[in-house]
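# Commentary on secondary and tertiary structure
What follows is the residue order along each chain.
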Amino acid sequence: MLTYFQATVIGAVQGVTELFPISSLGHSVLVAAWLGGDWKKLVSSGESETGTPYLAFVVALHVATAVALLGYYWRDWHAIIVGFVTTLRTRRLDTVPQRLAWLIVIATIPVGVLGPLLEHPLHALLAAPIYASVFLTLNGVVLIVGEGLRRRNEPSLAEYGRRFALREARSGTLTVQPDTRRQTDRPLAALGVRDAVGIGFAQVGALLTGFSRAGLTMVGGLWRGLEHEHAAKFAFLLATPAILGAGLLEMPELVGPRTDGIRGPVLVGAIVSGVSSWLAVRFLERYFQTHKLLPFAIYCLVAGSLSIVRFS
């Protein structure tokens, strides 16, 4: 049975690690494996079988994280949704939110297609702590490679302005709204279709236990020339429909009979996950204005290597 203490701890871990580039799924496996006992039984059952109470609990945590992201970026999402609806009517991309809307749609297609097909088989096959340890270590390597790609292709704000100006000239109508927050999204709107597809396929790698959705998506953004703060914001925006969609698909597990007797802990864990996700995205949005991925990469390398030694 899931206890309130377990729900609180796992909810906090999920909320933070889902947005930090260090893999929430990998930590849900490794933290339980390190603690052992009832913790290990709880998580290993949930990762290897479908229709378990723990699976329903994980669904609740993911939905809570998605709700926290929607709440934190509600102004952005309002503009993006309005922009998307407007483009359906006018068939034009005249504003930054309108371009962002379609970039998010395009970048979500890879995980939207491959996620339902591969998520459960991969989690069942690679749920063992040793696999999570190896992939967490590789996640650290990928983050370091991402930093190298950024230094190699480091663009200036002037270059971003040049790219966007070229897109404005080609469309003849593309404009930037006067809102200061919208102006900060200008580099995101300068991405092209191929950029969005590349970042979208990077997100698919998070289906492997130990790879971080946020981390891989950020590396994809850095590879396409974004600064850290812009790559992080696009990662969080892109994660919202993916996490929410996956959670809604599994919603029958959450309201089914398998949650009888644990709905209290599930609710507490979801609340903790939502609050910790809110705090995590608030911290990271400011952190990546002046900092890089290297500390997270070092953490993944150390934690993953120690876990490999422990579980090999």
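Reference entry: report on the structure contained in this document. (Residues numbered from 1 in each chain as written. Predicted model: local features only at pLDDT ≥ 70, side-chain atom pairs only at ≥ 80, totals over all residues. Heavy atoms only, no water.)

## A closer look at helix 11 (residues 193-204)
- The first and last C-alpha atoms of helix 11 sit 17 Å apart over 12 residues, in line with the 16 Å expected at 1.5 Å per residue.
- Every buried residue of helix 11 is listed here: Asp195, Ala196, Gly198, Ile199, Gly200, Gln203 and Val204. (Helix = DSSP H or I, 4+ residues; strand = E, 2+ residues; numbered from the N terminus. Expected span 1.5 Å × (residues − 1). Buried < 20%, exposed > 50% of the residue type's maximum accessible area, 1.4 Å probe, protein only.)

## Details of the packing of aromatic side chains
- All chains considered together, the criterion is met by 12 aromatic pairs.
- Here Phe20 and Phe283 contribute two aromatic rings whose centre-to-centre distance is 5.9 Å and whose plane-to-plane angle is 5°, an arrangement assigned as stacked. A residue pair is termed long-range when its members are at least 10 positions apart, and Phe20 in the loop between helix 1 (4-17) and helix 2 (24-35) and Phe283 in helix 15 (residues 263-287) qualify at 263 residues.
- Here Phe283 falls in the partly exposed class, since its relative accessible area comes to 42%.
- The residue whose ring lies beneath Arg224 is Trp223, and the NZ or CZ to ring-centre distance is 4.6 Å.
- Sitting over the ring of Trp34, Arg310 keeps its end group 5.9 Å from the ring centre. (Phe/Tyr/Trp six-rings, centres within 6.5 Å; stacked < 30°, edge-to-face > 60°. Lys NZ or Arg CZ within 6 Å of the ring centre and 35° of its normal.)

## Some thoughts on a nonpolar patch on the surface
- A cluster of nonpolar side chains, Trp34, Ile144, Leu294, Ile298, Val302 and Leu306, forms an exposed patch at the surface whose accessible area comes to about 560 Å².
- Here Leu306 is to be found in helix 16 (residues 294-311).
- For Leu306, a relative accessible area of 52% gives the class exposed. (Patch = residues over 30% accessible without salt bridge, like charges linked within 9 Å, V, L, I, M, F, W, Y side chains within 5 Å. Areas by Shrake-Rupley, 256 points an atom, 1.4 Å probe, with all protein chains shown as cover. Salt bridge = Lys/Arg side-chain N within 4 Å of Asp/Glu carboxyl O.)

## Describing the packing of helix 1 against helix 15
- Direction vectors running N to C along helix 1 and helix 15 enclose 30°, while the axes themselves pass 7 Å from each other. Accordingly, the angle class assigned to the pair helix 1 and helix 15 is roughly parallel. The crossing of helix 1 and helix 15 is right-handed. Residues Tyr4, Ala7, Thr8, Gly11, Ala12, Gln14, Gly15 and Val16 of helix 1 lie in contact with helix 15, whose contacting residues are Gly264, Pro265, Val268, Gly269, Val272, Ser273, Ser276, Ser277 and Ala280.
- Considered class by class, the residues forming the contact of helix 1 with helix 15 number eight nonpolar, nine polar and no charged. (Axes fitted to C-alpha atoms, helices over the stretch in contact; angles between N-to-C directions. Parallel < 35°, antiparallel > 145°, perpendicular 65-115°, else oblique. Left-handed = near helix turned anticlockwise from the far one by under 90°. Contact = heavy atoms within 4.5 Å. Nonpolar A, V, L, I, M, F, W, Y, C, P; charged D, E, K, R; others polar.)

## Some details on helix 12 (residues 213-223)
- For helix 12, a buried count of 10 out of 11 residues is recorded, marking the element as mostly surrounded by other parts of the structure.
- Taken as a whole, helix 12 has its buried residues at Arg213, Ala214, Gly215, Leu216, Thr217, Met218, Val219, Gly220, Gly221 and Leu222.
- Of the residues that open helix 12, the one with a side-chain oxygen 3.3 Å from the backbone nitrogen of Ala214 is Ser212.
- Positive phi shows up at Gly225, right after helix 12, with a value of about 100°. (Polar contact = N/O pair within 3.5 Å; in protein donor to acceptor, adjacent residues only side chain to side chain.)

## Remarks on the environment of Val219
- Structurally, Val219 is set in helix 12.
- By relative accessible area, which is 9% here, Val219 ends up buried.
- With 75 residues separating them in the primary sequence, Val219 and Ile144 have C-alpha atoms 9.0 Å apart.
- Here Val219 is in contact with Val142, Leu143, Gly146 and Leu293, once residues within four sequence places are set aside.

## Side note on the nonpolar core
- By size, the foremost hydrophobic cluster in this structure holds 50 residues, and its most contacted members are Phe234, Phe236, Phe288, Leu293 and Phe296.
- Setting aside chain neighbours within four positions, we find Phe288 in contact with Met218, His228, Glu229, Ala232, Leu293 and Phe296.
- Core analysis: the next-biggest nonpolar cluster, separate from the first, contains 15 residues, Tyr54, Ala64, Val266 and Ala270 among them. (Core = buried A, V, L, I, M, F, W, Y, C linked by side-chain atoms within 4.5 Å.)

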